[in-house]
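# Secondary and tertiary structure notes
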Amino acid sequence: MTNENHEYKLLYFDLPGKAEHIRYIFAYAGVEYEDERIQKDKWPEIKKNTPYGKVPVLEIDGQQVAQSNAIARYLARKFGLLGQTEWEALQCDVLVDTLGDLQAAVMQVMKEPDPIKREEIRARVTKEELPFYLSKFEKIVQENGGFSVGNDITWSDLVFAVLLDQFESMYGKTALNGYPSLKGLKDKVHNIPSIKSYLEKRPPKSPMPRH
């Protein structure tokens, strides 16, 4: 695919976070873009010039757009990753938003400064939230023959791959052993040649900041 002569610039920190699924979409589509990874000391100045003081921000021909999933959905529509019908597009949105709910639960663990409270939250998330959501996702992917929506790659598959990879980083490589369909989906996405190439070349992950 071509970028139709548009110039894209993605602004985000030097970590996966809320921008990685956008990077996956660009990689999958084979579209060139500038991946500007903001250094901590540069952020205060850059922040002043963003629409809402947050990133990721995508610049399209110099015009700034905020909100990670709005950006991802726009690119998915442009590059043919929304599914084959309006219903499939809706299902992508539902799954991405639900994955966001699970990610928010996991992020509570990382953001909690008190070590005792952090372990309490980790225990609850590990025992309750993760099994609840992952078992439902496992069933969906299994019933769809290895995809999250329909019978071909959509942007929700890329979001799944990013977040499942992050879960394995946090909980260990055995974290998905009880969810073979999800693990298979992640591996399938990571073996797409253009995404595999991106993963081989992307900068090393910076440590996730603790707030």
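Residues numbered from 1 in each chain as written. Predicted model: local features only at pLDDT ≥ 70, side-chain atom pairs only at ≥ 80, totals over all residues. Heavy atoms only, no water.

## A short note on the domain arrangement of the protein chain
The extent of an interface is frequently quoted as the accessible surface area lost upon association of the parts. Stated precisely, the cut-off is as follows: The source of the domain bounds is an automatic or database domain assignment. We call two residues in contact when some of their heavy atoms are within 4.5 Å. Here's the idea: put two parts together, see how much 1.4 Å probe accessible area each one loses, and the total over both is what we call buried area.
Each assigned domain of the protein chain is listed here: domain 1 (8–80 + 195–201) and domain 2 (86–191). Averaged C-alpha coordinates put domain 1 and domain 2 at centres separated by 21 Å. Counting residues at the interface gives 14 residues for domain 1, matched by 13 residues for domain 2. Between domain 1 and domain 2, roughly 1,200 Å² of surface is buried when both sides are summed, and carbon and sulfur atoms account for 67% of that area. For the domain 1 face of the interface with domain 2, the top three residues by lost area are H21, Y24 and R73, together amounting to 37%.

## Section: the packing of aromatic side chains
Worth spelling out the cut-off: Any pair of Phe, Tyr and Trp rings, taking the six-membered ring for Trp, is counted once the centres come within 6.5 Å. Such a pair is stacked with planes under 30 degrees apart, edge-to-face with planes over 60 apart, and tilted for the rest. When the NZ atom of lysine or the CZ atom of arginine is within 6 Å of a ring's centre and also within 35 degrees of its normal, the charge is said to sit over that ring.
Using the criterion set out here, one finds nine aromatic pairs in the structure. Pairing F132 with Y133 gives two aromatic rings, centres 5.2 Å apart and planes at 80°, and the pair type is edge-to-face. Between K188 and the ring centre of F147, over which it is positioned, the NZ or CZ distance is 3.8 Å.

## Let's talk about the sheet that holds strand β2 (residues 34–38)
What holds strands together in a sheet is hydrogen bonding between their backbones, with the strands either parallel or antiparallel. Note the cut-off: The criterion for strand pairing is that DSSP finds at least two bridges linking the strands in question. Each helix corresponds to a stretch of at least 4 residues labelled H or I by DSSP, and each strand to a stretch of at least 2 residues labelled E; elements are numbered beginning at the N terminus. Where helices are involved, their axes are fitted lines through C-alpha atoms of the stretch in contact, as for all axes, and angles between N-to-C directions lie from 0 to 180°.
The four strands are arranged β2-β1-β3-β4 in an open sheet whose pairing can be described as mixed. In the strand order of this sheet, the two ends are held by β2 and β4 (63–66), each with one partner. Between one strand and the next, the sheet's axes are offset by a mean angle of 20°, whatever the strand orientation. As paired elements, strand β3 (residues 57–60) and β4 share four bridges and run antiparallel to each other. Pairing of I60 across the sheet is with Q63, part of β4. Sheet contacts for helix α1 (residues 20–29): β1 (8–13), β2 and β3; angle to β1, the most-contacted strand, approximately 150°.

## Re the UniProt feature "domain: GST N-terminal" (unreviewed entry) in the protein chain
Where we set the bar: UniProt positions are given in the numbering used here, feature names are shortened, and annotations may be inferred rather than shown by experiment.
UniProt feature "domain: GST N-terminal" (unreviewed entry): in the numbering of this structure it lies at residues 6–83. The span residues 6–83 is 33% helical and 24% strand by assignment, and the distance between its end C-alpha atoms comes to 23 Å.

## Re the pattern of salt bridges
Here is the rule we go by: Counted as salt bridges are all cases of a side-chain nitrogen of Lys or Arg within 4 Å of a carboxyl oxygen of Asp or Glu. Each residue is assigned to one of three classes by its accessible area relative to the maximum for its type, calculated with a 1.4 Å probe on protein chains only: buried under 20%, partly exposed between the two thresholds, exposed over 50%.
For the structure shown, the criterion picks out 15 salt bridges. Its salt-bridge partner being D35, residue R37 comes within 3.1 Å of it at the nearest N-O pair. For D35, a relative accessible area of 25% corresponds to the partly exposed category. One continuous salt-bridge network, built from bridges that share partners, spans D14, E20, R23, D35, R37, D165 and R202.

## Some thoughts on unusual backbone geometry
Backbone torsion omega between V55 and P56 reads 15°, so that peptide bond is classified as cis. Structurally, P56 is set in the loop between α2 (43–47) and β3. One non-glycine residue with positive phi stands out, namely D61, at about 55°. Mapped onto the secondary structure, D61 falls in the loop between β3 and β4. When its relative accessible area of 43% is taken as the criterion, D61 is described as partly exposed. Phi at Q67 is positive, roughly 80°, even though this residue is not glycine. Inspection of the secondary structure assignment puts Q67 in the loop between β4 and α3 (68–78).

## Side note on the nonpolar core
Applicable threshold: Joining through side-chain atoms within 4.5 Å is the link that ties buried Ala, Val, Leu, Ile, Met, Phe, Trp, Tyr and Cys residues into a set, and such a set is a nonpolar core.
L75, F137 and W155 are the most contacted members of the largest nonpolar core, which has 63 residues in total. Two domains each donate at least three residues to this core, and these are domain 1 (8–80 + 195–201) and domain 2 (86–191). Apart from residues no more than four positions distant in its own chain, W155 is found in contact with H21, I25, N69, A72, R73, A76, L81, L82, C92, D93 and V96.

## Here's the deal with the pairing of β3
In β3, alternate side chains face the same way, and those of V57 and E59 on one face and L58 and I60 on the other are all buried. Relative to β3, β1 is paired through four bridges, and the arrangement is antiparallel. If you follow K9 over to β3, its bridge partner there is E59. Following β3, the chain reverses through two residues before pairing antiparallel with β4; D61 in that reversal takes a positive phi of roughly 55°.

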